[in-house]
Every structure is written in C-alpha cells, then in structure tokens.
Amino acid sequence: VADALHFAWQNSPDIEMYTYQQLQSESNVAQAKASRGFKADLYMQMGLTQTAERLSDVYRNPMDQQLISIGIRIPLVDWGVGKGRVEVAKSNLEKTKTEIAQAQNDFDANIIKLVKQFNLQANRVAIAKKTSERAAHRNEVAYRLYLLGRSSLLDLNAAIAEKDSSQRAYINALHNYWNLYYMLRSITGYDFQYNAPITVTEQLF
C-alpha cells in the first residue's frame, strides 16, 4: 500500500490537477486584491465632420470642425464592490481547498482499496486453481469408474459439470486478478513486476 500511494502521488496527473486548481484560486484572490481601491480610466475621443453625396467620400478632406477631447474618469466610491470581490475570491479559495482535500482523501482511499483487492484476488486465484485441479482429478476418477461400471452416467455428468464450473471460476479469477493489476499500473504509473516506472517508450509486446 505504501509503495502504491508513493508512486501514485508521484506519477498521477490527478495530483497535478489538484495543485493547478489551488494555484488558480489563489491567483483569483491576488487579482481581486490588486483590482480593488483607487482606479482611474483615461480616454480620448475624436470626431470628424464632412459632407458628401457618396458614403465613401464622407471622411475625405475633413472640415475644420473636427473634434478631439481627452479626459479622465475617476469613481468617487465603489460601494464596496472591490472588497466584495476579494471576499468572494477568498471564499472560493477555501471551498477549493476543502474540495481538494476531500478529493485527495478519496484518491488515497481508492488506491488502498485497490491494493487490498489485488492482494485478496491473488489468494482467490490460488484457491480457484486448486479447486479446478481437484475437480479435474475427480472427473478422471469418475470417468474410469464409469468405464468399469462402478458409477452411473449421472455421477459422470455431475463430475463433468463440476470440472467445467471450477475451470470457469478459475478463468474468471485470473481475469479479475489481471484487471486489478493493470488498474494499479495505470493509477500509479509504475510496473510492480519489473520494479520500474512506466515510460512512453515501454514495449508492450
């Protein structure tokens, strides 16, 4: 479990996403603080005057009545808008931190559960294999007894059904085992069979 948690935190993109989300919220707080307080807007307006019969000639050779004005707009009060934005940004940051903490706890719990399931599945595979081997042996014995006339066809059919059922159970246990194994590889980015991180250039075949 400790190894799986270590490699998952080191290699999973989910961890980087949590970090990005918190940095984004902190940036929003900083931006809200920077935009509050005294603000002034500088503006310039320019107008041209001319008459013409065609629209394309209106702004050719403008008359002396053209106008240029420069001004500045300064709000006297912002009615607490700036402070309100800062408080909202701070609230969103705390909410993001709480959500990230919960997501990280869920992340850890999911890995711990996955590792425990994998370890238990290994035992299930071993048990299913022994059960399948014993059922196959009983089937051979039942077949020989049937040939010798010491058992009925019903006994032979029951042995065959038990053998087939145990083989299916063994195959299903193997399927679940490897499914859990590759889920662990995917979430941790680590190959536990060869004790090495999984790289893009890894050869699968």
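Here, every reference points to the structure presented above.
Attention in this report is confined to the structure presented alongside it. Sequence order as written defines residue numbering, which begins from 1 separately in each chain. The model is predicted, so local features are restricted to residues of pLDDT at least 70 and side-chain atom pairs to those at 80 or more, both for listing and for counting; the totals for chains, interfaces and linings are taken over all residues. Each side-chain value is worked out from all heavy atoms of the structure, with water and hydrogens disregarded.

### Concerning helix H2 (residues 13-35)
Step number 1: Along its 23 residues, H2 runs 33 Å from first to last C-alpha, staying within 8% of the 33 Å computed at 1.5 Å per residue.
Step number 2: If you check which residues of H2 are buried, you get Ile-15, Tyr-18, Ser-25, Val-29 and Ala-32.
Step number 3: As for H2, its buried residues are in contact with helix H1 (2-11) and helix H3 (81-147).
Step number 4: Near the N-terminus of H2, the side chain that reaches the backbone nitrogen of Asp-14, with its oxygen 3.2 Å away, is that of Ser-12. Only DSSP runs of H or I with at least four residues qualify as helices, and only runs of E with at least two residues qualify as strands; both kinds are numbered from the N terminus onward. By this rule the span expected of a helix is its residue count minus one, scaled by 1.5 Å. Between buried and exposed lies partly exposed: a residue is buried under 20% and exposed over 50% of the maximum accessible area for its type, with that area taken using a 1.4 Å probe on protein chains only. Only heavy atoms matter for contacts: two residues are in contact if any of them lie within 4.5 Å across the pair. Under this definition, polar contacts are N or O atom pairs within 3.5 Å; protein pairs additionally need one hydrogen-donor-capable and one acceptor-capable atom, and for neighbouring residues in sequence, both atoms have to be side-chain atoms.

### What about the environment of Thr-131?
Step number 1: Looking at the element boundaries, Thr-131 is found in helix H3.
Step number 2: Relative accessible area serves as the criterion here: at 39%, Thr-131 is assigned to the partly exposed category.
Step number 3: Sequence spacing of Thr-131 and Glu-162 is 31 residues, and the spatial spacing of their C-alpha atoms is 9.8 Å.
Step number 4: Looking at Thr-131, its side chain comes within polar contact range of the main-chain oxygen of Ile-127, at 2.9 Å.

### Overview of a nonpolar patch on the surface
Step number 1: Only residues whose relative accessible area exceeds 30% and that form no salt bridge are eligible for patches; like-charged ones are grouped when within 9 Å, while nonpolar side chains (Val, Leu, Ile, Met, Phe, Trp, Tyr) are grouped when within 5 Å. Where accessible areas are quoted, they stem from the Shrake-Rupley method and a 1.4 Å probe; at the residue level, only the protein chains shown are allowed to cover. Salt bridge, as used here, is a side-chain nitrogen of Lys or Arg placed within 4 Å of a carboxyl oxygen of Asp or Glu. Nonpolar side chains collect at one region of the surface, where Leu-42, Met-44, Ile-70 and Ile-72 lie side by side and expose about 500 Å² of accessible area between them.
Step number 2: Breaking the nonpolar patch down by element, the ones donating at least two residues are strand E1 (41-47) and strand E2 (67-73).
Step number 3: Here Met-44 is to be found in strand E1.
Step number 4: For Met-44, a relative accessible area of 58% puts it in the exposed group.

### Focus: the pattern of salt bridges
Step number 1: Counted under the stated rule, the structure contains 3 salt bridges.
Step number 2: Taking the shortest distance from any N to any O, the salt bridge between Arg-138 and Glu-162 comes out at 2.3 Å. Taken together, the positions of Arg-138 in helix H3 and Glu-162 in helix H4 (residues 153-188) put the pair 24 residues apart, joining distant regions of the chain.
Step number 3: Classification of Glu-162 by relative accessible area gives partly exposed; the value is 34%.
Step number 4: Between Asp-164 and Lys-163 there is a salt bridge, with its nearest N and O atoms 3.1 Å apart.
Step number 5: The exposure class assigned to Asp-164 is partly exposed, which follows from its relative accessible area of 27%.

### Observations regarding the packing of aromatic side chains
Step number 1: Any pair of Phe, Tyr and Trp rings, taking the six-membered ring for Trp, is counted once the centres come within 6.5 Å. Such a pair is stacked with planes under 30 degrees apart, edge-to-face with planes over 60 apart, and tilted for the rest. Counted by the stated rule, this structure contains 10 aromatic pairs.
Step number 2: Look at Phe-118 and Tyr-181: their rings are 6.0 Å apart centre to centre, the planes differ by 35°, and that puts the pair in the tilted class. Within this pair, whereas Phe-118 is found in helix H3, its partner Tyr-181 is found in helix H4, the two being separated by 63 residues in sequence. A single burial state applies to Phe-118 and to Tyr-181, both of which are buried.
Step number 3: Note on Trp-178 and Tyr-182: the rings are 6.3 Å apart at their centroids and 40° apart in plane angle, and the pair reads as tilted. Here Trp-178 pairs with Tyr-182, and both are found in helix H4, just 4 residues apart, close to one helical turn.
Step number 4: Taking relative accessible area as the criterion, Trp-178 reaches 40% and is therefore assigned partly exposed.
Step number 5: Ring-pair connections join several aromatic residues into one group, and the members of that group are Phe-118, Tyr-177, Trp-178, Tyr-181 and Tyr-182.

### Structural notes on the packing of H1 against H3
Step number 1: The axes are straight lines fitted to the C-alpha atoms, using for helices just the contacting stretch, and the angles between their N-to-C directions are given from 0 to 180°. Packing of H1 against H3 leaves a shortest axis separation of 10 Å and a crossing angle of 135°. Here H3 runs oblique to H1, going by the angle between their axes. Between H1 and H3 lies a crossing whose hand is right-handed. Residues Ala-4, Leu-5, Ala-8 and Trp-9 of H1 pack against Gln-104, Phe-107, Asp-108, Ile-111, Ile-112 and Val-115 of H3.
Step number 2: Looking at the contact of H1 with H3 residue by residue, the class counts come to 8 nonpolar, 1 polar and 1 charged. Comment on the angle field: the value is read as roughly parallel under 35 degrees, roughly antiparallel over 145, roughly perpendicular from 65 to 115, and oblique elsewhere. A crossing counts as left-handed when the near helix is turned anticlockwise from the far one by less than a right angle, and as right-handed when that turn is clockwise. As a working rule, the residues Ala, Val, Leu, Ile, Met, Phe, Trp, Tyr, Cys and Pro are called nonpolar, Asp, Glu, Lys and Arg charged, and the rest polar, with Gly in that last group.

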